[in-house]
Amino acid sequence: MSLTEQPLPVYDVERVRRDFPILATTVRGKRLAFLDTAASSQRPAPVIEAIVHYERHLHANVHRGVYELSQKATDAFEAARERVRGFLNARSTREVIFTRGTTESINLVAQSWGRSLRPGDEILISWMEHHANIVPWQMACERSGAVLRVIPIDRRGELDLAAFHRLLSPKTRLVAITQISNSLGTVVPIDEIITAARRNGSLVLVDGAQAVAHQRVDVQALDCDFYAFSSHKLYGPTGMGVLWARESVLAGMPPWQGGGDMIRTVSFEKTTYNELPYRFEAGTPNISGAVGLAAAIDYLESLGIDRVHAHEQALLRYATDALRAIPGLQIIGEAANKAGVISFTLEQVHPHDLGTILDTEGVAVRAGHHCAMPVMDFFGVPATARASFGCYTNREDVDQLIGALHRALEVFG
Amino acid sequence: MDLKDLYRDVILDHNKNPRNFGKLEPCDTSADGHNPLCGDRLTLTLRLEGDTVSDVRFEGKGCAISTASASLMTEAIKGLDERAITALSDVVHRTLTSSTEAAVPEGLGKLAALSGVREYPARVKCASLCWHTLAAALAHRGGSAAVSTE
């Protein structure tokens, strides 16, 4: 360590937990051990209060009224856009499009940019994508005659990079890749992928749904073309998300949904479209959602993303060691570089039975295919149980999970 | 709610040692059941004498609730005619979906072990998959059918 580097102050997870009112609830009479943050994170009081404040004092439609309230709502909405721009280190708010979530962000690209696809063009995705980064591309390929290619993974759940480089060809128009696998926790080396893809002349879309709340994201440093994420995995409200896109790429994309806000003038002969980013935001947007997302970003940055990351990595090591000590437990996804997501199976106990037993012990985990059926097929399992961590997860949550797993072994022993 | 209300000994036993497991070849009718949400799969093969089930087997992969439910069902329907099966199936469905305060209907025999499922609405489909598959097999007699919970 150099003299200028200071050790990080201790991360006080108990203080963070007090910011999340829901963590005080009990389920089935037990303390709640919420270990399903990868599906949706909980919201801290400042986010809830920002939304309530907006609803109580600021709401009117945006970009429309000349009256003061509408101006205030517009200001709050556009301030949220600026907040997101800063969070991603984007060049301009013209590149920040508000959507319903990651899924809608990807669909926007597939339906708008996807119209430029021609028969024989190729789209490259990976085996560990969430269905939201598979199905829109299958649909775009069906419409256009383009071909979907899939980068394989290995038994540890890591991307086969050699195969990626082989699959990259002059036909590759787009590489659509997750930054962190929601089912395996693998952190994908997207820097290498983006560099190679751009050298090849292909665009790159990054599915950042699992990444934004857990590590710093800088779209200029990444140098990708599209970055998609959801508010509700970032301690913000549901129904809210972002598509960031390089302005030069956006400029060439046709609108995808028509309606109010996305137009400049409308007549029955000819409609002209609004400028960026509004051209891609038809209809009244999720204004309180944007306000809540901005508050969530403020909150996360007040904790320090790097400190949250370090906390989650320490928990990941602690939980991985504890889980490995359980007889018959197999961790699915053992990449060298992982986020706070652990999928596992327990011999003799089906993941759904496991989910129910853990529930009766107050432990909330996801049991199922995690919207990643190809991953389940690859590992030959119908489903897994998945524990995932956030800024508020503590060792007690992990210990409660371990205790509940022993209970499951007792019941099924 | 005690875990043992759901995972009663009967259910654990039928999960570990499923009865009538396998495939009848030849058979008079068969059906595949699939619960795409959890990946449970089940194949039923039946032999019929007129309207009556003379033999039945199942195979597939699923959670303890779906495996035990299928195993218990195969035991319960052997020797029953179609009318009796429909009546029994109705009682099972009512049991699985009734309110937790309601009394468990009579006449279920060993199948009453499944009544704890009603405390867990997310698990009802696990228990009912085999009954939907059975209805499909009987409706498409002489062929093969497929049914999905979704």
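All values reported here derive from a predicted model rather than from experimental measurement.

Calculation rules
- Residues numbered from 1 in each chain as written.
- Chains lettered and ligands numbered in written order.
- Predicted model: local features only at pLDDT ≥ 70, side-chain atom pairs only at ≥ 80, totals over all residues.
- Heavy atoms only, no water.
- Helix = DSSP H or I, 4+ residues; strand = E, 2+ residues; numbered from the N terminus.
- Rg over C-alpha atoms; globule rule 2.2 N^0.38 Å.
- Buried < 20%, exposed > 50% of the residue type's maximum accessible area, 1.4 Å probe, protein only.
- Contact = heavy atoms within 4.5 Å.
- Lys, Arg positive; Asp, Glu negative; His and termini not counted.
- Charge placed at Lys NZ, Arg CZ, Asp CG, Glu CD.
- Buried area = accessible area lost by both parts, 1.4 Å probe.
- Salt bridge = Lys/Arg side-chain N within 4 Å of Asp/Glu carboxyl O.
- Polar contact = N/O pair within 3.5 Å; in protein donor to acceptor, adjacent residues only side chain to side chain.
- Nonpolar A, V, L, I, M, F, W, Y, C, P; charged D, E, K, R; others polar.
- Pairing = 2+ DSSP bridges.
- Axes fitted to C-alpha atoms, helices over the stretch in contact; angles between N-to-C directions.
- Core = buried A, V, L, I, M, F, W, Y, C linked by side-chain atoms within 4.5 Å.
- Domains from an automatic or database assignment.
- Parallel < 35°, antiparallel > 145°, perpendicular 65-115°, else oblique.
- Left-handed = near helix turned anticlockwise from the far one by under 90°.
- Phe/Tyr/Trp six-rings, centres within 6.5 Å; stacked < 30°, edge-to-face > 60°.

Regarding its fold elements, chain B presents five helices and four strands. A compact globule built from 150 residues should have a C-alpha radius of gyration of about 15 Å, and chain B, at 14 Å, falls within 12% of that. Across its three principal directions, the C-alpha atoms of chain B cover 45 × 30 × 30 Å. Per-residue burial for chain B yields a buried fraction of 47% across its 150 residues. In chain B, the share of contacts with a sequence separation of at least 24, taken over all contacts with a separation of at least 6, comes to 62%. Both charge centroids of chain B, one from 17 positive and one from 20 negative side chains, sit 4 Å from each other.

To continue, consider the interface of chain B and chain A. Taken together, the contacts link 19 residues of chain B with 16 residues of chain A. Taking both sides of the interface into account, the surface hidden between chain B and chain A amounts to around 1400 Å²; carbon and sulfur atoms contribute 57%. Of all residues in chain B, Leu3(B), Tyr7(B) and Cys38(B) give up the largest surface area on contact with chain A, accounting jointly for 34% of the area buried on that side. Seen at the junction of chain B and chain A, the total is one salt bridge. Here Arg123(B) makes a salt bridge to Asp353(A), at a shortest N to O gap of 2.8 Å. Taken together, the links from chain B to chain A amount to five residue pairs in polar contact (both at pLDDT 80 or more). Listed by contribution, the elements that provide at least two residues to the side of chain B that touches chain A are helix 1 (3–6), helix 2 (9–16) and helix 3 (64–77) of chain B. Ranked by the residues each element gives to the side of chain B that touches chain A, the list is headed by helix 2 of chain B, at three residues. Each residue belonging to the side of chain B that touches chain A can be placed in one class, and the counts come to twelve nonpolar, three polar and four charged.

Further remarks concern the sheet that holds strand 4 (residues 96–99) of chain A. All names here are of chain A. As summarised here, the arrangement of the seven strands in space is 4-10-9-8-7-5-6, forming an open sheet in which the pairing is mixed. Each end of this open sheet is capped by a strand with a single partner; those strands are strand 4 and strand 6 (147–151). Averaged over all pairs of adjacent strands, the angle between their axes in this sheet comes to 20 degrees, without regard to strand direction. Helix-sheet contacts for helix 5 (residues 135–144) involve strand 5 (122–126), strand 6, strand 7 (172–178) and strand 8 (203–207), and the interaxial angle to strand 6 is about 150 degrees.

Here the focus is the nonpolar core. In this structure, Leu88(A), Phe98(A), Tyr227(A) and Cys391(A) are the most contacted members of the largest nonpolar core, which totals 79 residues. For this core, the element with the most residues is helix 10 (residues 287–303) of chain A, which contributes eleven residues. Structurally, this core is a two-domain feature, drawing no fewer than three residues from each of domain 1 (13–31 + 304–412) and domain 2 (48–302) of chain A. Aside from chain neighbours lying at most four places away, what touches Tyr227(A) is Leu88(A), Gln179(A), Val206(A), Gly208(A), Ala211(A), Val212(A), Val217(A), Val219(A), Leu222(A), Val242(A), Leu243(A) and Trp244(A). Leu323(A), Val349(A), Ala404(A) and Trp131(B) belong to the second largest nonpolar core, which has 72 residues in total.

This part is about the pattern of salt bridges. Tallied over the entire structure, the rule returns 33 salt bridges over all chains. Linking Arg31(A) and Asp397(A) is a salt bridge whose minimum nitrogen-to-oxygen distance equals 2.9 Å. Here the residue Arg31(A) occupies a position in strand 2 (residues 30–31), and Asp397(A) occupies one in helix 14 (residues 395–412), the gap between them amounting to 366 residues. Residue Arg31(A) is classed as partly exposed on the basis of its relative accessible area of 24%. Classification of Asp397(A) as buried rests on a relative accessible area of 1%. The partner of Asp51(B) in a salt bridge is Arg141(B), and the shortest N-O contact between them spans 3.7 Å. With a gap of 90 residues between them, Asp51(B) in the loop between strand 2 (40–49) and strand 3 (52–61) and Arg141(B) in the loop between helix 5 (124–139) and strand 4 (144–148) connect regions that are remote in the sequence. One connected set of salt bridges, linked through shared partners, spans Arg17(A), Arg31(A), Glu396(A) and Asp397(A).

Residues and elements named next belong to chain B. Between helix 4 (residues 82–97) and helix 5, the least distance of the axes is 11 Å, while the angle of their chain directions is 160 degrees. Taken together, the axis directions place helix 4 and helix 5 in an arrangement best described as roughly antiparallel. When the axes of helix 4 and helix 5 are compared, the crossing they make is left-handed. Along the contact surface, helix 4 presents Glu82, Ile85, Leu88, Ser89, Val92, His93, Leu96 and Thr97, while helix 5 presents Val124, Ala127, Ser128, Trp131, His132, Leu134 and Leu138. Grouping the constituent residues of the contact of helix 4 with helix 5 by class yields nine nonpolar, five polar and one charged.

Residue and element names in this part refer to chain A. Bridging between strand 11 (residues 263–266) and strand 12 (residues 271–273) involves three bridges; their strand directions are antiparallel. Bridging from a neighbouring strand, valine 266 pairs with threonine 271 of strand 12. The loop that links strand 11 with its antiparallel partner strand 12 comprises four residues.

Our focus in this paragraph is the packing of aromatic side chains. All chains considered together, the criterion is met by twelve aromatic pairs over all chains. Ring centres 6.5 Å apart and planes at 55 degrees place the aromatic pair Phe34(A) and Tyr392(A) in the tilted group. Linking Phe34(A) in strand 3 (residues 33–34) with Tyr392(A) in the loop between strand 17 (384–388) and helix 14, this pair joins segments that are 358 residues apart in sequence. No difference in accessibility class separates Phe34(A) from Tyr392(A), as the two residues are buried. Between the aromatic rings of Phe21(B) and Phe58(B), the centroid separation amounts to 5.2 Å while the plane-to-plane angle is 85 degrees, which identifies the pairing as edge-to-face.

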